[in-house]
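Close look at the chain arrangement
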Amino acid sequence: MSEIHAQTVQYVRDTMLPPAPPPNRQSGPVLWLRENLFSGPLNIALTLLGLAAIWYLVSSIWPWIAHSVWHANSLKECRGIIAATFGEGTTGACWALVRERWSQFVFGFYPSHLWWRPVAAFGFLFVALAPVLFSDSRGIRRWVLFLAAILTVWIMDALGAPTAPLTWVAAIMMLAWLLSEFRPSLLLVMTGLYPALGVWLLWGGSLWSPIVVMLGFGVAYAVYRALERTSSLLAVVGAIAAAVAWWWWIGPWLVPRLNQTVDLAITRVASDSFGGFLLSITIGVSGIAMSLPLGIILALARRSDLPLVKGFAVMFIEFIRGVPLIALLFVASLLLNYFLPPGTNFDIILRVIIMVTLFAAAYMAEVIRGGLAALPKGQYEAADSLGLDYWKAQRLIILPQALKISIPGIVSTFIGMFKDTTLVTFVGLYDPLKATADSVRASVAWKGTYWEPYIFTGAIFFILCFGMSRYSMYLEQRLKREN
Amino acid sequence: MSDFAVPAHPPFRPMMLINDRRYRGYTIQVVVFILIMAAAWWLIGNTIENLSRLGKDFNFDFLWKRAGYDIPQVLIPYTADSSHMRAAVVGLLNTLLVAVLGCITATIIGVTAGVLRLSNNWLVARLMTIYVELFRNIPLLLWILVVYAVFTESLPAPRAYSGADPAAHMILFDSIALTNRYTAIPTLNLLHSHGSLNIGWGVTINWATIAYIVVLVLAILAHRALGRWARARQNLTGVRPRTWPISAALFVLPLVALWLYFGIEVVRPTLKGFNFAGGVNVHNALVALWLALSLYTGAFIAEIVRAGVLAVSKGQSEASYALGLSRRRTMSLVVLPQALRVIIPPLISQFLNLTKNSSLAIATGYMDLKATLGGTTLNQTGRELESMVLMMGIYLVLSLIISSAMNLFNARVRLRER
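Residues numbered from 1 in each chain as written. Chains lettered and ligands numbered in written order. Predicted model: local features only at pLDDT ≥ 70, side-chain atom pairs only at ≥ 80, totals over all residues. Heavy atoms only, no water.

The name given to chain A in an unreviewed UniProt entry is Amino acid ABC transporter permease, and the organism recorded there is Paracoccus suum. Entered under Sequence similarities (unreviewed entry) in the UniProt record, the comment concerning chain A runs "Belongs to the binding-protein-dependent transport system permease family. HisMQ subfamily." (UniProt positions renumbered as here; feature names shortened; annotations may be inferred.)

Below, the structure written as structure tokens:
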């Protein structure tokens, strides 16, 4: 009986036939049309409805786009040109507005001879991000750095940057590229230094204050290493205390003295000259950078075994998530002075960044909590059985996996936050969407242009947010480990 | 005597507070508690000092003073002589109005777009993808401003409807007039009015409305009882009795009877002088905000619906077809219940988002809670702290209520695990 297979199988083919193309009636555009557009009455109706919608949209918008004018000095002139070229009574887009006022949309009231500074800061941002975002692909990193360097220097030159900074930026970019090719881990040092550099380039002033602030992190790290042997809890507390002491007492004492010794100041730019996309990107990038670590801490606190820590985390998260961002922004602009010692008055952009960060962090915490909850329990138990302490287990085993699961959520929180930066217009900041459009429209020359500013800013927001969401898809694909 | 030494309880040493797992948790909690209390003490101390320096106190008396400003769109009676409190309630009701309307339309738009995006019609699926990506990647504020601009800039003025050969025409069988200031919609009028119920605070509800609500609730209850009876019958005999004619009659007959009893007629808006009268003129601030919120949130809901439907494995519907269930039954009995489980939690947060985003009404000038209590009242009385605390508290309570109500619903459709 055991030989039954050998007796029943009469014939086994041992060569494959070459693949043949499908018969004519099984492929081709006609079949595609029949299957995808006209497969049934409902499908035909939907197709016709879709065509009608497209026809309606195109026929109402296309003439307006087709009659675009790029060169004019005012809306009246625009309309004159359109009437002269395409006949009386036609309407058209007047992109001359964007052409003339683009600087206001991009830089706000940032002094025009200093425009190269935000551009350099934006270029360096890619240097700082490259080792983090594209850590395992040298090819992509090479292209990102190459493009960032060329574009930054080119745009800086076009905006009239002096030779000295141009040389410096080019040199640093070259250095970054070399590091990325030969010692990628060293490029992370640039990432760490970027916050100080970015703030200094954007706001100007003395280089010493950002340096001293960054040194605070170094002090904290040194204290942590020194106390690590005794107890990890003591080390963390000691490090935080040392950093706070450094920023609170030593920094304010040190900076003026350093300034007197070596003067590293560049022209200071006040916060109220920030505007347009410069403002949005500044708030967005700093909010993103700060809300991720804060969100991780909040998520861990909410999953903690300690009831008190958990309770405070839940209260904070639920409060922030239950209140509209506008209310928090108004708190920043109206109430923060009540909560701080009398006489304190700090920068409105900083206040808004703090509020946006807190807001995004609460949402981020929930996203990351989902990721933590999705991890199988065995991962936690494995970490325990290896004898890892809490922080080591989180850092080496739990968080890398949890963050990987939550990437889509994290990126959509980022996108939401970046879009929400437009709300700062309601606390009097000069955002690209409403404040800029309103002020452009307030001038006599451009009174009555509604769609062009909206389309312009909308397109830029779309490109940035769409790019972010595509990047998250790329990241998901790359990190996918299971087959 | 055994030789085993009983492990003695080690004497307590202060370092154990940090190094011993049993005590470390308490130490951390005490430290956290002290730090947070210190921070709170510092903040509250600062606030008290700042308030006393400004010569202000912290009380809510201003809520009972005369408001002195007008609100164009009100749901309960309000005049400039009413109190700030009443203005705040009017604002809250306006917020709720736009939130409820927005949630309903956003769900309709979102479900339609999400299902169409999955349809095998290539053209429609692409169109829906464009809609979703456009609305998700552009700030809500821009959509609100654009829709508002469409309403205020592109629509005709009310007087364009006048004359023998008007420049503009009413839509939907001459019942709705879109103008650049308001949208005139028809209302219902009672021929045999039986008065109305005064529920205090100057708010009255028509008896006809109450009758309709009561009858609807009764009809729903009867419909459910009918369903239970049919199921019992089916379990007993194997044949499900035909219930839909009875159900239809349950809903239609009493409503028609009420219609005849109260003599309800539709009043269409008509042009009187320079403005429409007869119907209700809904301010464009509300219409634009509502449309923009619905379209924006609809794009997010579409993605949620798509993900929910895709999450139900294909084998489920195939198994259902193999059992001989029809397409409709498969959808309602097999696919939807499973998809809903995935859809509902994110849907709740979209409803919450919509409610909170309605505070962007500030961009169109719609008088919601933010604009009344947190806007005009705040500016007139100079009570920033009290107004903001009250406003944030109301928003907080609102979103907690929404999320707990929806979580109850979620608990009902959740997977019953053994």
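Section: the overall build of chain A
Scanning chain A for helices and strands turns up 20 helices and zero strands. Over its C-alpha trace chain A gives a radius of gyration of 29 Å, far above what one expects of a compact globule, namely 23 Å for 483 residues. When the backbone C-alpha atoms are referred to their principal axes, chain A occupies close to 90 × 90 × 50 Å. The proportion of buried residues among the 483 residues of chain A is 43%. Put simply, 72% of the contacts in chain A that link residues at least 6 apart link residues at least 24 apart. Of the roughly 26400 Å² of accessible surface on chain A, 69% is carried by carbon and sulfur atoms. Here chain A contributes 34 positive and 25 negative side-chain charges, whose respective centroids are spaced 1 Å apart. (Helix = DSSP H or I, 4+ residues; strand = E, 2+ residues; numbered from the N terminus. Rg over C-alpha atoms; globule rule 2.2 N^0.38 Å. Buried < 20%, exposed > 50% of the residue type's maximum accessible area, 1.4 Å probe, protein only. Contact = heavy atoms within 4.5 Å. Areas by Shrake-Rupley, 256 points an atom, 1.4 Å probe, with all protein chains shown as cover. Lys, Arg positive; Asp, Glu negative; His and termini not counted. Charge placed at Lys NZ, Arg CZ, Asp CG, Glu CD.)

Describing the environment of Gly102 of chain B
With respect to the element layout, Gly102 of chain B can be found in helix α3 (residues 84-118). Along the primary structure Gly102 of chain B and Asn379 of chain B are separated by 277 residues, whereas in three dimensions their C-alpha atoms are 29 Å apart.

What about the environment of Met170 of chain B?
All names here are of chain B. In this fold, Met170 is placed in the loop between α5 (140-154) and β1 (177-178). A sequence separation of 94 residues divides Met170 from Ile76, and the C-alpha atoms of the two residues are 29 Å apart. If sequence neighbours within four positions are ignored, Met170 has contacts with Tyr161, Ser175, Ile176, Ala177, Pro269 and Phe276.

Some remarks on the sheet that holds β1 of chain B
All names here are of chain B. Strand order across the open sheet formed by three strands is β1-β2-β9, with antiparallel pairing between neighbours. The strands lining the two open edges of the sheet, one partner per strand, are β1 and β9 (280-283). Examined bridge by bridge, β1 and strand β2 (residues 182-185) share two bridges and lie antiparallel to one another. Bridge assignment links Leu178 to a residue of β2, and that residue is Thr183. (Pairing = 2+ DSSP bridges.)

Quick notes on the interface of chain B and chain A
One widely used convention gives an interface's size as the accessible area the parts lose upon coming together. The interface is formed by 60 residues belonging to chain B together with 57 residues belonging to chain A. When chain B packs against chain A, the two sides together hide about 5200 Å² of surface, and 76% of this comes from carbon and sulfur. Across the chain B-chain A interface, the total number found is 17 residue pairs in polar contact (both at pLDDT 80 or more). Those elements giving two or more residues to the side of chain B that touches chain A turn out to be α1 (16-19), α2 (21-54), α4 (122-136), α5, α8 (284-311), α10 (327-357), α11 (369-381) and α12 (384-413) of chain B. Broken down by element, the side of chain B that touches chain A gets its largest block of residues, 17 residues, from α2 of chain B. Per-class residue counts for the side of chain B that touches chain A are 37 nonpolar, 13 polar and ten charged. (Buried area = accessible area lost by both parts, 1.4 Å probe. Polar contact = N/O pair within 3.5 Å; in protein donor to acceptor, adjacent residues only side chain to side chain. Nonpolar A, V, L, I, M, F, W, Y, C, P; charged D, E, K, R; others polar.)

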